[in-house]
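Chains, contacts and geometry: an overview
Listed below, chain by chain, are the residues.
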Amino acid sequence: MNIDFNLTMTQEQKLVMTQQMQLSIKILQLSSYELQKYVEKEVEENPVLEIKEVEKSEKIEEINYKDMVKYLEFDNYGHSNFVNRDEEEVSPFTFISEEKSLKQYLREQISESDEKDCMKVVCNYIVENIDDRGYLCESTDSIAEQLKISKDVINYALDIVQDLEPDGIGARDLKECLSIQCKKKRIKDKTLYLIIENHLQDIAENKYGNIAKKLGIDIKKAQQYGDFIKTLQPKPSRGFYTGEEVKYVVPDAYIKKIGRDYHIIMNDDLTPRLTINKLYRGIIQNEDDKKAIDYVKNRLDSAIFLMKSIDQRKSTIYKVLEEILEKQIQYFDLGDNHLKPMTLKEIAEKLNMHESTISRAIKDKYIHTNRGTIKIKDLFTTAIPFKGDKENLSSIKVKKSINELIDKEDKKSPLSDQAICDILKENGVNISRRTVAKYREEIGLKSSKGRRRY
């Protein structure tokens with residue numbers, strides 16, 4: 001028997017993503033209201049943390065919450081949006097249970113799976129990037145780049161997430177969402193998948209003749225396929241608590257013009273000011289019980305990192321707003337018609353950050369300006385080529401043009417998307433019919449068939 005011992009070097013990828021990294025990412029993408037609730041919960045659970053009472057004289061500006069806090073979405077049952085806390089009746093049902101969120105439900109399924117811990121971390125990271133509809137809002141390429149691991153690993157983890165309940169979760173778009181649901185029902189009908197891939201618009205407009213002609217089937221059969229597809233769930237998150245039933249709008253910052261210059265003032269009153277309880281500092285220095293010291297050190301590390309993460313969140317949002325203000329100065333002076341095309345990539349490159357960081361920094365964040373309280377995300381628009389102009393048009397301008405054309409149309413013979421496309425092209429706007437349809441839907445307008453008045 002010949003036994004050889006050889007020294008070899010191998011290169012392998014390992015996932016290094018600590019809980020602190022996950023917490024930092026989570027805090028950055030929380031809205032101001034969500035952050036406030038999260039901090040209050042942490043203070044309750046971590047005895048090392050305490051809220052520092054701030055004298056009114058220390059505040060730059062007293063915040064009028066009655067003006068700032070508004071409901072965006074709510075079920076209107078005839079109740080006032082604002083409740084007098086002194087007169088509020090507390091229902092005993094309030095204390096029975098807390099609604100389980102979609103992400104909690106997904107994380108529970110992941111924790112109970114037989115996957116390795118490192119794969120569970122990747123799956124949980126994907127879950128954090130699932131939006132309120134239940135769709136994955138980050139590309140697999142971007143996630144692979146952020147985690148420094150191969151795209152194959154990300155795709156494997158995504159398969160795990162998409163296999164969870166509810167059916168269709170983690171899809172990148174509507175087509176994939178519906179296809180996942182069909183696959184989980186073990187349906188192998190190729191025609192069904194072809195219709196999902198190519199004819200969803202025809203189904204929405206009840207154009208079963210088009211489907212029948214393209215696929216060589218009769219209209220009745222095409223309608224049967226359409227009726228089945230309409231039974232599928234286009235929004236996997238439906239039925240789960242996502243935090244979107246009631247949304248509070250509290251600006252993260254104010255952009256104010258003082259003299260000739262604009263200034264960014266961060267809303268520091270949003271989050272309770274945190275400090276470390278002095279009692280627990282003394283335990284580390286004087287306590288002989290090693291377990292007590294280890295516990296306090298662990299809680300202290302968590303408290304300090306939370307405080308650092310909140311400061312980092314504030315700093316990142318401020319830097320992003322600085323770049324936005326520089327780019328969109330004419331918008332703040334003159335209004336919507338002067339909003340320039342601006343992308344996440346453009347701001348990310350200027351700040352030497354990843355696009356996903358910018359995306360999280362502006363997610364559900366608002367600023368208060370002389371034009372009211374606006375969503376930061378709405379200031380990012382794609383560019384549409386425009387003949388005879390050095391600068392491209394923003395998508396907001398194009399949407400306004402589409403809206404104006406539809407307002408002025410003959411309702412007995414409304415403009416088709418192609419007709420709108422042709423008119424815009426005649427006016428120098430280089431746009432496709434698909435983009436016209438997309439923008440029309442985004443501003444809440446029906447197709448020409450739905451707008452026709454007889």
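In the block above lies the structure referred to throughout.
Let us look at the structure shown here. (Residues numbered from 1 in each chain as written. Predicted model: local features only at pLDDT ≥ 70, side-chain atom pairs only at ≥ 80, totals over all residues. Heavy atoms only, no water.)

**Quick notes on the overall build of the protein chain**
We apply this condition: The numbering of helices and of strands both runs from the N terminus, where a helix is a DSSP run of H or I of at least 4 residues and a strand a run of E of at least 2. Buried residues are those whose accessible area, probed at 1.4 Å on protein chains only, stays under 20% of the maximum for their type, while exposed residues exceed 50% and partly exposed ones sit between those limits. Contact criterion: two residues are considered in contact whenever any of their non-hydrogen atoms come within 4.5 Å of each other. Residue-level accessible areas treat just the shown protein chains as cover; the underlying method is Shrake-Rupley with a 1.4 Å probe.
The helix and strand tally for the protein chain stands at 21 helices and eight strands. For the protein chain, buried positions account for 37% of its 454 residues. Across the protein chain, contacts joining residues at least 24 apart in sequence account for 64% of those joining residues at least 6 apart. Roughly 28,700 Å² of accessible area belongs to the protein chain as shown, and the carbon and sulfur atoms make up 48% of that amount.

**Observations concerning helix α11 (residues 208-215)**
Here is the rule we go by: Starting at the helix axis, one direction is taken to each C-beta atom, and the arc is that of these directions.
Among the residues of α11, Tyr208, Ile211 and Ala212 are the ones counted as buried. What you see down the axis of α11 is that its buried residues fit within an arc of 95°, all on one side. In α11, the exposed positions that point more than 90 degrees away from the buried face belong to Lys213 and Lys214. Looking at the buried residues of α11, the elements they touch are α9 (190-198), α10 (200-204) and α12 (219-229). Two residues or fewer past α11, glycine 216 is found with a positive phi of approximately 70°.

**So, the pattern of salt bridges**
Formally: Each salt bridge in this description consists of a side-chain nitrogen of Lys or Arg and a carboxyl oxygen of Asp or Glu lying within 4 Å of one another.
Within the structure shown, the criterion is met by 19 salt bridges. Aspartate 167 is the salt-bridge partner of lysine 184, the closest N and O atoms lying 2.9 Å from each other. On the criterion of sequence distance, the pair formed by lysine 184 in helix α8 (residues 174-184) and aspartate 167 in the loop between α7 (151-162) and α8 is long-range, its members being 17 residues apart. Here arginine 313 makes a salt bridge to aspartate 252, at a shortest N to O gap of 3.0 Å. With arginine 313 in helix α14 (residues 290-327) and aspartate 252 in the loop between α12 and β2 (253-258), this residue pair connects regions lying 61 residues apart in the sequence. On the basis of relative accessibility, which here comes to 3%, the residue aspartate 252 falls in the buried class. When salt bridges with common partners are traced through the structure, they connect Lys363, Asp364 and Lys375 into a single cluster.

**Brief notes about the packing of helix α2 (residues 32-45) against α14**
Convention followed: For helices, the fitted line uses only the C-alpha atoms of the stretch in contact; every axis is such a line through C-alpha atoms, and the angle between N-to-C directions lies from 0 to 180 degrees. Roughly parallel refers to an angle under 35 degrees, roughly antiparallel to one over 145, roughly perpendicular to one between 65 and 115, and oblique to any angle outside these ranges. Rotating anticlockwise by less than a right angle from the far helix to the near helix defines a left-handed crossing, while the corresponding clockwise rotation defines a right-handed one. For this classification, the nonpolar set comprises Ala, Val, Leu, Ile, Met, Phe, Trp, Tyr, Cys and Pro, the charged set comprises Asp, Glu, Lys and Arg, and every other residue, Gly included, is treated as polar.
In contact at an axis separation of 12 Å, α2 and α14 are set at 165° when each is read in the N-to-C sense. Put simply, α2 runs roughly antiparallel to α14. As α2 packs across α14, the resulting crossing turns out to be left-handed. For the pair α2 and α14, contact is made by Ser32, Leu35, Tyr38, Val39, Glu42 and Glu45 and by Arg299, Leu306, Ile310 and Arg313, respectively. Residues of the contact of α2 with α14, tallied by class, amount to five nonpolar, one polar and four charged.

**Considering the packing of α11 against α12**
Interhelical geometry of α11 versus α12 gives an angle of 115° and a closest axis separation of 8 Å. Taken together, the axes of α11 and α12 are roughly perpendicular relative to one another. Pair α11 / α12 crosses with right-handed handedness. The segment α11 lies against α12, with Tyr208, Gly209, Ile211 and Ala212 engaging Ile219, Ala222, Gln223, Gly226 and Asp227. The class makeup of the residues in the contact of α11 with α12 is five nonpolar, three polar and one charged.

**Comments concerning the layout of surface pockets**
Selection rule: The way it works is a 1 Å grid over only the protein atoms, where trapped points that fit a 1.4 Å probe form a cavity and open points with protein on both sides within 12 Å along at least five of seven lines form a pocket, and then any residue with an atom within 4 Å of a point lines it. Grid points are joined across faces, edges and corners, and a volume is the space filled by probe spheres set on the points.
By volume, the second largest pocket amounts to about 1,600 Å³. Cys137, Leu344, Ser359, Ile362 and Lys377 are the residues nearest the centre of the second largest pocket, which is lined by 42 residues in total. Of all the elements in the fold, those that place two or more residues in the lining of the second largest pocket are α6 (140-147), α17 (355-362), α18 (395-408) and α20 (433-442). In terms of residue count, the dominant contributor to the lining of the second largest pocket is α17 (five residues). Its residues assigned to classes, the lining of the second largest pocket comprises ten nonpolar, twelve polar and 20 charged.

**Considerations on helix α4 (residues 102-111)**
Within the sequence span of α4, burial applies to Leu102, Leu106, Gln109 and Ile110. Here the buried residues of α4 occupy an arc of 100° about the axis, which is enough to place them on one side. Each element contacted by the buried residues of α4 is listed here: α5 (117-128).

**Regarding the nonpolar core**
As a reminder of what qualifies: In this description, a nonpolar core means a group of buried Ala, Val, Leu, Ile, Met, Phe, Trp, Tyr and Cys residues linked to one another through side-chain atoms lying within 4.5 Å.
In this structure, Val320, Leu321, Ile324, Phe332, Ile367, Leu379 and Phe380 are the most contacted members of the largest nonpolar core, which totals 26 residues. Put simply, the parts of the chain that give this core at least two residues each are β2, β3 (261-266), α14, α15 (329-334), α16 (344-351) and α17. Ranked by the residues each element gives to this core, the list is headed by α14, at five residues. Grouped together as the second largest cluster of nonpolar side chains are 22 residues, Leu106, Ile130, Ala144 and Leu147 included.

It is worth stressing that arrangement in space is one thing and function is another; only the former is reported here.
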